[in-house]
Amino acid sequence: MMDTCRKASELLSQEQDRALGPVERLRLQLHLLICERCRRVEHHFELLRAAIRRCRDDG
Ligand SMILES: [Zn+2]
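Residues numbered from 1 in each chain as written. Predicted model: local features only at pLDDT ≥ 70, side-chain atom pairs only at ≥ 80, totals over all residues. Heavy atoms only, no water.

A. Local environment of the pattern of salt bridges. What the rule picks out here adds up to 3 salt bridges. In this structure, Arg 18 engages Glu 24 in a salt bridge whose closest nitrogen and oxygen atoms are separated by 3.1 Å. The class for Arg 18 is partly exposed, based on a relative accessible area of 38%. In this structure Glu 24 comes out as partly exposed when scored by relative accessible area, which is 24%. (Salt bridge = Lys/Arg side-chain N within 4 Å of Asp/Glu carboxyl O. Buried < 20%, exposed > 50% of the residue type's maximum accessible area, 1.4 Å probe, protein only.)

Here's what the structure looks like:
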């Protein structure tokens, strides 16, 4: 399996706009298992999403 960090961050960013398919999600999870850098990217997106949710709740 040749998952690159570029592909993984692409999926992470797409995940913000749409639901990933099962294969995409699996590939992403597998990559996150072996790649600490992309785990940090995922964490960043989670923070972002939480912040957006908070804004929506306030408004
Ligand atoms: Zn990576």
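Read on for the rest.
B. A look at the coordination of the zinc ion. In this structure, Cys 5 (SG), His 31 (NE2), Cys 35 (SG) and Cys 38 (SG) serve as the protein donors to the zinc ion, at separations of 2.0 to 2.3 Å. Here the zinc ion is ringed by 4 donor atoms whose angles at the metal span 100 to 115 degrees, and the overall shape comes out tetrahedral. As a motif over one chain, the donors of the zinc ion read C-x25-H-x3-C-x2-C. Within this pair, whereas Cys 5 is found in helix H1 (residues 5-14), its partner His 31 is found in helix H2 (residues 22-34), the two being separated by 26 residues in sequence. Owing to a relative accessible area of 24%, Cys 5 belongs among the partly exposed residues under this scheme. Note on His 31: relative accessible area 4%, which makes it buried. (Donors = N, O, S within 2.8 Å, 3.2 Å for Na, K, Ca; no water. Tetrahedral: all angles 85-135°; square planar, octahedral: opposite > 155°, others 65-115°. Helix = DSSP H or I, 4+ residues; strand = E, 2+ residues; numbered from the N terminus.)

None of the figures reported here should be taken as evidence of function without further support.
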